[in-house]
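In case you want the letters, here they are:
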Amino acid sequence: MVIFISQMSHFMVLTKVPKYKMNNGREIPAIALGTFLGFDEHGVTQSENKMLRDVVIQAIDLGYRHFDTAAVYNTEAELGEAVRITVAEQTVSRDEVFITTKLWNTRHRKGQVMKALEESLRQLGLDYVDLYLMHWPIGLNDDYTPTNTDYMETWRAMEDAVEAGYAKSIGLSNFNKQQLKRVIDEGNIKPAVLQIEIHPQLVQEELVQYAQSQGIVVMGFSPFGSMVTRFGVNYTGLRFNDPVLRQIAERHNKTTAQVVLRWFVERKIIPMPKTIRYSRLIENIDIFDFQLDEEEIEMISQFNRNVRFTAPTFWQNHPHYPFDKVDNPIEDPFTKI
Ligand SMILES: NC(=O)c1ccc[n+]([C@@H]2O[C@H](COP(=O)([O-])OP(=O)(O)OC[C@H]3O[C@@H](n4cnc5c(N)ncnc54)[C@H](OP(=O)(O)O)[C@@H]3O)[C@@H](O)[C@H]2O)c1
């Protein structure tokens, strides 16, 4: 649903984003704005001159209610500042905004988890997060060598964070089916969310079906896959001007980016596009006033090539590495952080 509101001298479109119910009875908005700014020669790219804060304020004005960050992204502080500003201005109340952040791999030991979340809350300037995710099933030492910490130990400490009121819901990211099943079987709290890489070239049907059959909401990261330049790399593969996508887009009077994001919505998956541009913030949220039919959904799923853009093969000898190993692992950009 779209509501037109008058803001000073201009008209702005406020999209009312639908929500899904999670297995703990809480609600989660159906699209999230990604806040990872990528890598540069110094490691993780930093926001300059409060750029990210201002993007989030614009996004809230447009109707975005769900924001995805992580301790390792270095965007928690500006995201939290934007939330505090918009709450103070009464644009939104705190409980209308949904904040997801993630535990980094070097904080997996039982005694580290609560401290890591407290640090995230301090960065955000908030007293709780809506969703706390284990970023990877991979525990690492400070020097990025593998620890033998079992992710179940980490999960139990995350359960304590719910008990303490620091996280309203907890979930997993980058877990495979077997690892997810183990947490479901052995944990006290069932994960509310599974966040994994999904785009037309990585459909992940089996894992999505399994998670959803367990009442777990799926969030899909890197929704545009090879369609965008990622970390300075131009990938071969599906592009925004693909004729099949264009044909579907023209039929609905939408852009191909909107059609791809709607494909997530039809599968009840939360897409989490990242943009820092106002025109794209508008474009990416304007996906709740049309529907794809079964045939169109299938046409997009046919692009599947099981291609991953987030495959940290530099960790592939870790006992809990979730993906297939390769012959030539890439260099670890996180050690530059
Ligand atoms: N859990 C994990 O391990 C994990 C891993 C990766 C990502 N994530 C999360 O997922 C979010 C999104 O993933 P991502 O950044 O890898 O991929 P993405 O959202 O698929 O791609 C981002 C790129 O797309 C461009 N873009 C955005 N909207 C567009 C549009 N309508 N048309 C054309 N180009 C558009 C952006 O450029 P501009 O900014 O210049 O518009 C940016 O370069 C991240 O920010 C992060 O929050 C999580």
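In the block above lies the structure referred to throughout.
Thresholds, definitions, all that
Residues numbered from 1 in each chain as written. Predicted model: local features only at pLDDT ≥ 70, side-chain atom pairs only at ≥ 80, totals over all residues. Heavy atoms only, no water. Patch = residues over 30% accessible without salt bridge, like charges linked within 9 Å, V, L, I, M, F, W, Y side chains within 5 Å. Areas by Shrake-Rupley, 256 points an atom, 1.4 Å probe, with all protein chains shown as cover. Salt bridge = Lys/Arg side-chain N within 4 Å of Asp/Glu carboxyl O. Lys, Arg positive; Asp, Glu negative; His and termini not counted. Charge placed at Lys NZ, Arg CZ, Asp CG, Glu CD. Helix = DSSP H or I, 4+ residues; strand = E, 2+ residues; numbered from the N terminus. Expected span 1.5 Å × (residues − 1). Contact = heavy atoms within 4.5 Å. Buried < 20%, exposed > 50% of the residue type's maximum accessible area, 1.4 Å probe, protein only. Pairing = 2+ DSSP bridges. Right-handed = clockwise from strand over helix to strand, strands pointing away. Near = heavy atom within 4 Å. Polar contact = N/O pair within 3.5 Å; in protein donor to acceptor, adjacent residues only side chain to side chain. Nonpolar A, V, L, I, M, F, W, Y, C, P; charged D, E, K, R; others polar. Axes fitted to C-alpha atoms, helices over the stretch in contact; angles between N-to-C directions. Parallel < 35°, antiparallel > 145°, perpendicular 65-115°, else oblique. Core = buried A, V, L, I, M, F, W, Y, C linked by side-chain atoms within 4.5 Å. Arc of directions from axis to C-beta.

J.: Would you take a moment to explain a negative patch on the surface for this structure?
T.: Taken together, the side chains of Asp 293, Glu 294, Glu 295 and Glu 298 make up a negatively charged region of the molecular surface. By the element assignment, Glu 294 lies in helix α10 (residues 294–301).

J.: I'm lost on helix α4 (residues 151–163) in this one. Help?
T.: An α-helical turn contains 3.6 residues, so a residue and the one three or four places further along point in the same direction. With 13 residues, α4 ought to run about 18 Å at 1.5 Å a step, and its terminal C-alpha atoms sit 19 Å apart, in line with that. Those residues of α4 that are buried lie in contact with β9 (98–103), α3 (110–124), β10 (129–134), β11 (167–173) and α5 (177–186). The first or second residue beyond α4 is Gly 165, which carries a positive phi of 85 degrees.

J.: Looking at this model, I keep getting lost on the pairing of β11. Mind explaining?
T.: One face of the sheet, then the other: side chains in a regular strand alternate in exactly this way. Where burial is concerned, most of β11 is hidden: six out of the seven residues are buried. Pairing analysis gives three bridges linking β11 to strand β12 (residues 193–197), with the strands arranged parallel. Residue pairing in the sheet places Ser 173 in a bridge with Gln 195 of β12. Note that the unit made of β11, α5 and β12 has a crossover that is right-handed.

J.: So what exactly am I meant to see when it comes to the site of the ligand here?
T.: In the region of the ligand, 27 residues are neighbours, and Asp 68, Gln 195, Ser 222, Thr 275 and Arg 280 sit closest. The separation between an oxygen atom of the ligand and a polar side-chain atom of Arg 277 is 2.9 Å. Interatomic distance of 3.3 Å between a side-chain N/O atom of Glu 283 and a nitrogen atom of the ligand. In isolation the ligand has 910 Å² of accessible area, and contact with the protein removes 90% of it. Looking at the shell around the ligand residue by residue, the classes come out as 11 nonpolar, nine polar and seven charged.

J.: What is the right way to look at unusual backbone geometry in this model?
T.: Negative phi is the rule for most residues except glycine; trans is the rule for most peptide bonds. Phi at Ser 222 takes a positive value of approximately 55 degrees, unusual for a residue other than glycine. With respect to the secondary-structure elements, Ser 222 resides in the loop between β13 (217–221) and α7 (243–252). Judged by its relative accessible area of 15%, Ser 222 falls in the buried class. Phi is positive for Lys 268, which is not a glycine, with a value near 60 degrees. Here Lys 268 is to be found in the loop between α8 (256–266) and β14 (269–271). We classify Lys 268 as exposed; its relative accessible area is 53%.

J.: Mind showing me how you'd approach the packing of α7 against α8 here?
T.: When two helices pack together, their arrangement is given by the angle between the helix axes and by the axis-to-axis distance. The N-to-C vectors of α7 and α8 enclose an angle of 90 degrees; their axes lie 8 Å apart at closest approach. On the basis of their axis angle, the class for α7 and α8 is roughly perpendicular. Contacts between α7 and α8 involve Leu 245, Arg 246, Ile 248 and Ala 249 on the former and, on the latter, Thr 256, Val 259 and Val 260. Classifying every residue of the contact of α7 with α8 gives five nonpolar, one polar and one charged.

J.: Explanation requested: the nonpolar core in the structure shown.
T.: Burial of nonpolar side chains together is a common tendency in soluble globular proteins. Ranked by internal contacts, the top residues of the largest apolar core, which has 91 residues, are Ile 28, Phe 67, Ile 99, Tyr 132, Leu 180, Val 193 and Leu 194. In this structure Leu 194 touches Leu 172, Phe 175, Leu 180, Leu 207, Ala 211, Ile 216, Val 217, Val 218 and Met 219, once residues within four positions along its chain are discounted. Core analysis: the second largest hydrophobic core is formed by 13 residues, Ala 70, Val 72, Leu 140 and Phe 323 among them.

J.: What exactly am I supposed to notice about the pattern of salt bridges here?
T.: Two side chains of opposite charge can pair, provided their charged atoms sit close to one another. On inspection of all chains with the given rule, the structure shows 15 salt bridges. Taking the shortest distance from any N to any O, the salt bridge between Asp 54 and Arg 53 comes out at 3.0 Å. A salt bridge links Lys 102 to Asp 68; the nearest nitrogen and oxygen atoms lie 2.8 Å apart. With Lys 102 in strand β9 and Asp 68 in strand β8 (residues 66–68), the pair connects residues that are 34 residues apart, well separated along the chain. Taking the relative accessible area as the measure of exposure, Lys 102 reaches 0% and is therefore buried. One continuous salt-bridge network, built from bridges that share partners, spans Lys 50, Arg 53, Asp 54 and Glu 81.

J.: Is there a simple way to explain α5 in this structure?
T.: Of the residues making up α5, those classed as buried are Gln 179, Leu 180, Val 183 and Ile 184. Burial along α5 is one-sided: seen end-on, the buried residues are contained in an arc of 140 degrees. Facing away from the buried side of α5, by more than 90 degrees, are the exposed residues Gln 178 and Asp 185. Among the residues of α5, the N-terminal cap falls to Asn 176, whose side-chain oxygen and the backbone nitrogen of Gln 178 are separated by 3.2 Å.

J.: What is the right way to read the environment of Phe 221 from this model?
T.: Within the secondary structure, Phe 221 sits in strand β13. Sequence-wise, Phe 221 and Leu 33 are 188 residues apart; in three dimensions their C-alpha atoms are separated by 10.0 Å. Leave out the neighbours within four places in its chain, and Phe 221 touches Ser 173, Asn 174, Gln 195, Ile 196, Glu 197, Ile 198, Met 272 and Thr 310.

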